[in-house]
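# Report on the structure
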Amino acid sequence: MAESIELSESVRLEREGDVALVIVNNPPVNALSWHVRQGLFDGMNQAVESGAKAIVVICDGRTFIAGADISEFGGSVPKAASLQEVQSAMEDAPVPVIAAIHGTALGGGLEVALCAHYRVAVDSAKFGLPEVNLGLLPGAGGTQRLPRLVGVAKALEMMTTGRHISSGEAEEGGLVDDVVEGGPEELKVAAIAFADKAIAESLPLVRVRDRNELVEAHKGDDQIFADFRKAIARKTRGFLAPEYNIRCIEAAVNEPFEDGLKTEGKLFMELMTGPQSAAQRYYFFAERAANKIPDIAKDTPLIDVQKVGVLGAGTMGGGITMNFVNVGIPVTIVERDQESLDKGLAVVRKNYERSRSTTAEQVEERMALITGSTSKQDFADCDMVIEAVFEDMDLKQSIFRELDEICKPGALLASNTSALDVNKIADATSRPESVIGMHFFSPANVMKLLENVRGDKSSDSVVATTMAIGKKIKKVSVMVGVCPGFVGNRMLFMRGAEAERMLMEGATPAQIDSVLFDFGFPMGPFSMSDLAGLDIGWKEAESSSSTIREILCENGRRGQKNGRGYYTYDAETRAATPDPEVEQFIKDFAISKGHEQREVTDQEILERLLYPMVNEGAKILEEKIAIRGSDIDVVWVNGYGWPVYRGGPMHWADSVGLAEIVSKIEEYSSSLGGKHWELSPLLKQLAADGGQLQTHVG
Ligand code: 3HC
Ligand code: NAI
């Protein structure tokens, strides 16, 4: 066995003939914690001192270095070599340095690899600079080195999306020098062989920083950046980091390497100390914390889900089905009659055919995994069934009674209800422990959030399986408790109530929507209603001009689908324009109800829309409906378009200041009244104690 020298608690040095191996072992993802940096730095120097003729940097465990240790950001850590010192030691080493990559080389990890003279990877490896998703930019030379290797266009795309590219794409783009099939063992052999070749053939010590051809090709070319900015403007609206990443690549093109590094360092620090990155880094850990259910043991046995049943092939049932077949799990979908079934399956097929990421062959493969039926008896061999019929308690209860008779013992029975009492649904069966809520969001094949609703009697195994299956179908799952509307819709109701009230006082739909749009939401409540259709649940015969919605429907305004709703829509571009007719309807209605009209400021609109949500979030925590404050943020970011650069309603409230919010809620409560303005005792207490909502555990 090769001699092994411990360089730090996570890095060791080994020797294979002329080749030194610097091996990182810092589970779970080999992040660049201080001891990894120190070990790598010492490893380079000791390897050279020991007379090694080449050095391989390689990692134990499931991945190559997946980036800087995010948990060190903003905290105090022991003094150790900086990442830049590590990189210089690699780049300036007098012998070839080879990075051997498996798993994911991300962020600072890829930036370390970019300082090796060569890169060897397994075919399953992935590469990326995902800092943008943390509100950052690659701060260890990545912005200057990546474009020098892969070119400006690819660097722009990779750095502003954070996309992970495959080994194949990396090799094609010039990021990797050799790709081998297999796992870590094959990688080690291949990397040592590459090192031996480098020694034997005296391969040059290639420093990426010196390779200027690809960046020089664009010197003075402002167009490529202008075009790129235009192309991503809609997607990145409100975010600072994508723009800062672009500026760094501009520096790579127009400035000498060392100056480019300085620009990168300056912009990195600006982002790192700003509120957006703080929110996005908080959110990274929030999403991972949401996976953990404190009272469910890690080794809780899971139900083996090989086959899924979905009841109802409507808007939700079809989308839910797609999630499962996308990961190869067969689905039996049952409708009440053949016509509805055919209609539902045709929508699923159309969705696949429209999707650019699905080939014609994949469409057929996926459709072949779906079995349509009009008999619930076909659920008999399913390991889990998800009900997605109309939102009606009597109907749901009768269906669960039937499922109880049909489904095999131990099968998981889930309801996609968006607001009904999961306990009542569970109690319709003889096995309430098997029942749980799985609240998907529309469109269910696109939206990331899965708000799981734990019934009072849901078993540990059912809870654990629901979370595990969510991960399998690539959702962001949050486990919440039973209450009307659960976490997301319960808070949304508060916002909606206040939006309606402000219309009565003189604010316009466009004003209210634009306040939320400017805050960072993709749209406001009235645009959202137009999109969903104003006539959902509206019955012409019973309509009596008793709400704005009824009045709009009575006047033929059904929303986007007929080009007229709260707004008027251009037939071709679908652009929305505020309509004076609607504003007059609202004004007349408000005056007829005795509401005085006044100017409502944007600031008041913002406070009155968002503070009741914060207050409700606190009540949700008080009632232990959410496990932790950060879970509420995960629900809002993934399910309702809360801008991630503001962290979510709990993080945002903490950043505004709870004392400020409490005092405003008290003011509004006394001037406006209403249950949603009644101050949450928890919020009051946290404000008084200097506590936080985002870290509160219910
Ligand atoms: N720092 C600290 N902890 C990290 C981490 C990091 N960079 N990346 C992951 N972790 C932790 C997670 O919090 C999680 O901890 P937990 O088990 O206690 O909840 C654990 O590692 C496993 O993470 P995942 O659950 O996400 O595991 P997956 O296997 O699903 O994904 C991954 C692995 C693809 C590496 C994913 O964790 C990931 O994308 N990590 C972040 C990568 C990243 O953003 N890197 C850039 C960092 S910033 C940077 O490098 C700045 C530089 O330019 C100077
Ligand atoms: P939908 O009306 O589009 O679909 C319901 C389907 O169920 C219809 O195709 C209907 O034929 C079928 N169905 C009704 N009774 C049936 C029975 N006895 N047996 C078999 N099939 C039956 O409704 P949608 O929007 O898909 O909603 C379904 C559920 O999902 C509801 O509980 C709703 O609250 C919930 N939900 C809806 C969301 C949305 O945005 N549409 C979002 C999240 C949850």
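Our structure's up above, just so we're on the same page.
Below is a short write-up of the structure. Remember, it's a predicted structure, so these values are computed and weren't measured experimentally.

## Remarks on the site of ligand 2
In the vicinity of ligand 2 lie 20 residues, with M316, E335, R336, E391 and K396 positioned nearest. Interatomic distance of 2.4 Å between a side-chain N/O atom of E335 and an oxygen atom of ligand 2. V389 is positioned with one of its backbone polar atoms (N or O) 3.2 Å from an oxygen atom of ligand 2. For ligand 2, the protein covers 78% of the area, taking 830 Å² as the surface of the free molecule. At the level of elements, α13 (315-326), α16 (393-406) and β16 (435-440) are the ones that each hand at least two residues to the shell around ligand 2. Among the elements that make up the shell around ligand 2, the one with the highest residue count is α16 (three residues).

## Considering the sheet that holds strand β4 (residues 54-59)
Pairing is mixed across the open sheet formed by seven strands, whose spatial order is β1-β2-β3-β4-β5-β7-β10. Only two strands of the sheet have a single neighbouring strand rather than two, namely β1 (4-8) and β10 (178-180). Neighbouring strand axes in the sheet, compared pairwise and without regard to direction, differ in orientation by 25° on average. Across three bridges, the pairing between β4 and strand β5 (residues 97-101) is parallel. Note on β5: the bridge partner recorded for I55 is V97.

## Some points on the packing of aromatic side chains
As enumerated under the stated definition, the model contains 15 aromatic pairs in all. Relative to W652, the ring of W642 lies with its centre 5.8 Å away and its plane at 65°, an arrangement referred to as edge-to-face. With W642 in the loop between α25 (629-640) and α26 (649-656) and W652 in helix α26, this pair connects stretches of sequence that are 10 residues apart. On the basis of relative accessible area, W642 is assigned to the buried category, the value being 2%. For the ring pair Y668 and W677, a centre distance of 5.0 Å and an interplane angle of 35° mean the geometry is tilted. The exposure class assigned to Y668 is buried, which follows from its relative accessible area of 11%. With a relative accessible area of 0%, W677 lands in the buried category. Aromatic ring contacts, followed pair by pair, group F441, F519, F521, Y611, W636, Y640, W642 and W652 into a single cluster. Sitting over the face of the ring of F517, R237 holds its NZ or CZ atom 3.4 Å from the ring centroid.

## Comments concerning the site of ligand 1
If you check the shell around ligand 1, you find 23 residues, and the closest are R62, E111, E131, R288 and K292. In the environment of ligand 1, an oxygen atom lies 2.6 Å from a nitrogen or oxygen atom belonging to the side chain of R62. Residue E111 places a side-chain N or O atom 2.7 Å away from an oxygen atom belonging to ligand 1. Relative to its unbound accessible surface of 990 Å², ligand 1 loses 75% to contact with the protein.

## Quick notes on the packing of α13 against helix α14 (residues 338-354)
Their axes nearest at 9 Å, the elements α13 and α14 cross at an angle of 55°. Put simply, α13 runs oblique to α14. Crossing hand, α13 versus α14: right-handed. Where α13 abuts α14, its residues G318, M322, V325 and N326 lie against V348, N351 and Y352. Residue classes in the contact of α13 with α14 are distributed as four nonpolar, three polar and no charged.

## With respect to the side chain of T358
Within the secondary structure layout, T358 lies in the loop between α14 and α15 (360-368). Within the structure, T358 has its side chain in polar contact with the side chain of S355 (distance 2.9 Å). Ignoring anything within four residues of it in the chain, the contact list for T358 reads Y352, V363 and R366.

## Section: the side chain of R119
Along the polypeptide, R119 turns up in strand β7 (residues 118-122). Despite its burial, R119 remains without a salt bridge, the nearest opposite charge being carried by D177 at 4.1 Å. A polar atom in the side chain of R119 sits 2.8 Å from the backbone oxygen of A113. Aside from chain neighbours lying at most four places away, what touches R119 is A99, I101, A113, L114, L149, L175, V176, D177, D178 and V208.

## Regarding the pattern of salt bridges
When the charged atoms of two side chains with opposite charge come close together, those side chains can pair. Enumeration according to the criterion identifies 42 salt bridges in this entry. A salt bridge links E72 to R37, with the nearest nitrogen and oxygen atoms 3.2 Å apart. Here the residue E72 occupies a position in the loop between β4 and α2 (83-91), and R37 occupies one in helix α1 (residues 34-49), the gap between them amounting to 35 residues. Classification of R37 by relative accessible area gives buried; the value is 13%. Taken together, the shared-partner salt bridges connect E498, R501, E505, R598, E604 and R608 into one network.

## Topic: the nonpolar core
Grouped together as the largest cluster of nonpolar side chains are 79 residues, with contacts concentrated most on F127 and L175. For L175, the residues in contact, after removing those within four places along its chain, are L110, L114, R119, F127, L146, L149, V150, I165 and A170.

## A word on the state of the cysteines
Tallied over the full model, the rule gives zero disulfides. Here C115 stays free of any disulfide, with the sulfur of C59 as its closest cysteine sulfur at 15 Å.

## A closer look at α25
Between its first and last C-alpha, α25 extends 16 Å over 12 residues, near the 16 Å set by a 1.5 Å rise per residue. Within α25, 12 of the 12 residues are buried, leaving the element largely enclosed by the surrounding structure. Those residues of α25 lying buried are G629, S630, D631, I632, D633, V634, V635, W636, V637, N638, G639 and Y640. Where α25 is buried, its residues touch α12 (275-289), β17 (449-453), β18 (476-480), α19 (488-505), α24 (602-622) and α26. Phi turns positive, to about 75°, at G641, one or two residues after α25.

## Examining the sheet that holds β18
One open sheet accounts for eight strands, arranged β13-β12-β11-β14-β15-β16-β17-β18; its pairing is mixed. A single partner strand is all that each edge strand has here, and the edge strands are β13 (370-373) and β18. Strand-to-strand twist in this sheet, taken as the mean axis angle between neighbours without regard to direction, amounts to 25°. Relative to β17, β16 is paired through four bridges, and the arrangement is antiparallel. Looking at the pairing, H439 lines up with E451 of β17. Strands β12 (331-334) and β13 of the sheet are contacted by α14, whose axis makes an angle of about 160° with β13.

Conventions we followed
Residues numbered from 1 in each chain as written. Chains lettered and ligands numbered in written order. Predicted model: local features only at pLDDT ≥ 70, side-chain atom pairs only at ≥ 80, totals over all residues. Heavy atoms only, no water. Near = heavy atom within 4 Å. Polar contact = N/O pair within 3.5 Å; in protein donor to acceptor, adjacent residues only side chain to side chain. Areas by Shrake-Rupley, 256 points an atom, 1.4 Å probe, with all protein chains shown as cover. Helix = DSSP H or I, 4+ residues; strand = E, 2+ residues; numbered from the N terminus. Pairing = 2+ DSSP bridges. Axes fitted to C-alpha atoms, helices over the stretch in contact; angles between N-to-C directions. Phe/Tyr/Trp six-rings, centres within 6.5 Å; stacked < 30°, edge-to-face > 60°. Buried < 20%, exposed > 50% of the residue type's maximum accessible area, 1.4 Å probe, protein only. Lys NZ or Arg CZ within 6 Å of the ring centre and 35° of its normal. Parallel < 35°, antiparallel > 145°, perpendicular 65-115°, else oblique. Left-handed = near helix turned anticlockwise from the far one by under 90°. Contact = heavy atoms within 4.5 Å. Nonpolar A, V, L, I, M, F, W, Y, C, P; charged D, E, K, R; others polar. Lys, Arg positive; Asp, Glu negative; His and termini not counted. Salt bridge = Lys/Arg side-chain N within 4 Å of Asp/Glu carboxyl O. Core = buried A, V, L, I, M, F, W, Y, C linked by side-chain atoms within 4.5 Å. Disulfide = S-S within 2.5 Å. Expected span 1.5 Å × (residues − 1).

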